[in-house]
Amino acid sequence: MSIRDIVSNDCIDLDIKYTTKKEILEELIKKLHKSGFIADKDKFYEDLCFREKEGSTSIGNYIAIPHGQSSYVKRFSIAIGRTNLDVQWEDEDNFPVRLIILFAVPDSGDSKDELRTMAQMCRKLADDDLCYKLLKSQNYDEIVEIFS
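Keep in mind the model is a prediction, meaning the values are calculated, not measured.

Some thoughts on the overall build of the chain
- A count of helices and strands for the chain gives 6 helices and 6 strands.
- Along the chain direction, N to C, the helices and strands of the chain fall in the order α-β-α-α-β-β-β-β-β-α-α-α.
- Since a compact globule built from 148 residues should have a radius of gyration of about 15 Å, the 14 Å found for the chain is in line with a globular shape.
- Considering only C-alpha atoms, the chain reaches an extent of 35 × 30 × 25 Å along its principal axes.
- Each of the 148 residues in the chain was classed as buried or not, and the buried ones make up 48%.
- Of all intrachain contacts in the chain linking residues separated by at least 6 positions in sequence, the fraction that spans at least 24 positions is 67%.
- Counting every atom, the chain has about 7,800 Å² of accessible surface; 45% of that belongs to carbon and sulfur.
- Between the centroid of the 21 positive side chains of the chain and the centroid of its 28 negative side chains there is a distance of 3 Å.

So this is what it looks like as structure tokens:
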């Protein structure tokens, strides 16, 4: 599965003005909903918050990877947001966050492909240089190139 298959230009905002985790997640979910990837944005937000309570999704290097598996997700998709300010991610690690990669995973019996794609992307995020490039990326094409 290619990054182009799961993220659209409409689901990327590299100039988020919000300053809280809640506001940023709601904005990214709104983009996924508007693009038709999520059936009910409020219900998906609830499912995402349930997952967020299970453990930290901030991974260092100013990046967070919130993810939720939900029956309200129509198709595996990603929304990406970036802010110029440090956002406290309200978790035990308390790493400041500037780049958010939100994974929306359908709650289907077989999510192997989706989970494999998430794992591949997360392995790439272990590369400090790649993370720096993402934090400096200017548009959809640059982000796709970085993950390709």
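Observations concerning the packing of aromatic side chains
- Tallied over the full model, the rule gives 0 aromatic pairs.
- A cation over a ring is seen here: Arg98 above Tyr62, with NZ or CZ 5.3 Å from the ring centre.

Considering the packing of helix 5 (residues 128-136) against helix 6 (residues 140-147)
- Where helix 5 contacts helix 6, the axes come no closer than 9 Å and their chain directions differ by 170°. Our classification of the angle between helix 5 and helix 6 gives roughly antiparallel. The residues of helix 6 that touch helix 5, namely those facing Leu130, Lys133, Leu134 and Lys136, are Glu142, Ile143, Ile146 and Phe147.
- Its residues assigned to classes, the contact of helix 5 with helix 6 comprises 5 nonpolar, no polar and 3 charged.

Describing the pattern of salt bridges
- Taken as a whole and judged by the stated rule, the model has 7 salt bridges.
- Residue Lys21 pairs with Glu52 through a salt bridge whose shortest N-O separation is 2.7 Å. One end of the pair, Lys21, is in helix 2 (residues 21-34); the other, Glu52, is in helix 3 (residues 41-52), with 31 residues separating them in the sequence. Of the two residues, Lys21 and Glu52, neither departs from the other in class, the shared state being buried.
- With a closest N to O distance of 2.6 Å, Arg98 and Asp86 form a salt bridge. Here Asp86 lies in strand 5 (residues 77-88) and Arg98 lies in strand 6 (residues 96-106), a separation of 12 residues in the sequence.
- Among the charged side chains, a salt-bridge network with shared partners connects Glu27, Lys30 and Lys31.

The rules behind these values
- Residues numbered from 1 in each chain as written.
- Predicted model: local features only at pLDDT ≥ 70, side-chain atom pairs only at ≥ 80, totals over all residues.
- Heavy atoms only, no water.
- Helix = DSSP H or I, 4+ residues; strand = E, 2+ residues; numbered from the N terminus.
- Rg over C-alpha atoms; globule rule 2.2 N^0.38 Å.
- Buried < 20%, exposed > 50% of the residue type's maximum accessible area, 1.4 Å probe, protein only.
- Contact = heavy atoms within 4.5 Å.
- Areas by Shrake-Rupley, 256 points an atom, 1.4 Å probe, with all protein chains shown as cover.
- Lys, Arg positive; Asp, Glu negative; His and termini not counted.
- Charge placed at Lys NZ, Arg CZ, Asp CG, Glu CD.
- Phe/Tyr/Trp six-rings, centres within 6.5 Å; stacked < 30°, edge-to-face > 60°.
- Lys NZ or Arg CZ within 6 Å of the ring centre and 35° of its normal.
- Axes fitted to C-alpha atoms, helices over the stretch in contact; angles between N-to-C directions.
- Parallel < 35°, antiparallel > 145°, perpendicular 65-115°, else oblique.
- Nonpolar A, V, L, I, M, F, W, Y, C, P; charged D, E, K, R; others polar.
- Salt bridge = Lys/Arg side-chain N within 4 Å of Asp/Glu carboxyl O.

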